Amino acid sequence: MITDKNGCTHDDTGRYSAQNKPHGPLVFDDQTSHDFGEGEVPAHRHLNGGGWVADTAFVAAEAIIMDNAQVLNQARVCGTSVISGDAMVDSGAVISGFAKVVQRAFVSGSVDVHGHALIGGKAQVLDRAVVSGHARVLDMAIVSGEARISDAASVLNNAIATGSASVTGNATLLDSATVSGSASVQGSAIIQHSASIADAASIDGNAIVSDEANVGEMASVGGYARVGGMVDVGSNVAITDNVCIVGSGRLAKANTVIGGDVLLDL
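Conventions and cut-offs
Residues numbered from 1 in each chain as written. Predicted model: local features only at pLDDT ≥ 70, side-chain atom pairs only at ≥ 80, totals over all residues. Heavy atoms only, no water. Helix = DSSP H or I, 4+ residues; strand = E, 2+ residues; numbered from the N terminus. Buried < 20%, exposed > 50% of the residue type's maximum accessible area, 1.4 Å probe, protein only. Contact = heavy atoms within 4.5 Å. Areas by Shrake-Rupley, 256 points an atom, 1.4 Å probe, with all protein chains shown as cover. Pairing = 2+ DSSP bridges.

A. Up close: the overall build of the chain. Within the chain, the secondary structure is distributed over zero helices and 40 strands. The burial tally for the chain puts 48% of its 266 residues in the buried class. In the chain, the share of contacts with a sequence separation of at least 24, taken over all contacts with a separation of at least 6, comes to 5%. Taken as a whole, the chain presents about 11600 Å² of accessible surface, with 51% of it coming from carbon and sulfur.

B. Just the sheet that holds strand 16 (residues 118-119), in detail. Taken in spatial order, the 12 strands make up an open sheet running 7-10-13-16-19-22-25-28-31-34-37-40, and their pairing is parallel. Edge positions in the open sheet fall to strand 7 (64-65) and strand 40 (263-265), since each of these has one partner strand only.

C. Molecular detail of the sheet that holds strand 15 (residues 112-113). With parallel pairing, 12 strands are arranged side by side in an open sheet as 6-9-12-15-18-21-24-27-30-33-36-39. Every other strand in the sheet has two partners, leaving strand 6 (58-59) and strand 39 (257-258) as the edge strands with one partner each. Bridging between strand 36 (residues 238-239) and strand 39 involves two bridges; their strand directions are parallel. Directly across from I239, in strand 39, lies its bridge partner I258.

Any functional reading would require information beyond the geometric quantities listed.
Spelled out as structure tokens, the structure:
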């Protein structure tokens, strides 16, 4: 038998072991099917919590599926993960380690949620996204594409992380902010309101990007810098230190570095 990186045990053909079929002390009804929304399919109640599991899915005995939670299609729930509330884990998603998917969260696709990650509220994690460490995706946030949310990062409210973007460290994405492309948000940076971080841009340190500001191309914002208003930062412009930039202009002159204690109203 082989234990894969997600804590699921399978034989050398890649098929999951029958020895890991759910078992436990609880006894439920003898129903052998359940309607997950598209008609009755073969299913059973997981004996560690009583939530519904399609027979095509895999749930480790130690995992908890409780309340009205559902695991369907080819989803895998491994380790001591918890799926609760009205949460749904669908398609080929893998939930492992000590991860939790709770409330009305929806996880679908080739998603990998592991570590102590928490997916809650009405959040959605889709496609090939990865959420790990102590990261949180809550409220009505969406993480999709190949986005990576890790460490103690948070994606909250109606925020969106997509493409191959990464949100790491203690960074926070909230309100209706978006991070896309191959952009990275790290350190203790905050992206809020309707701000957008795109392309290969990088936000680091204790920087804050807010309002309707956009940082794209290969631009970077770090230190304790603030970018707000409708400012558009592009090219490889670097903003650092205690710079504060507001207004509605564009900064895109190549190789520009703005530092120090500067207030710019564009």
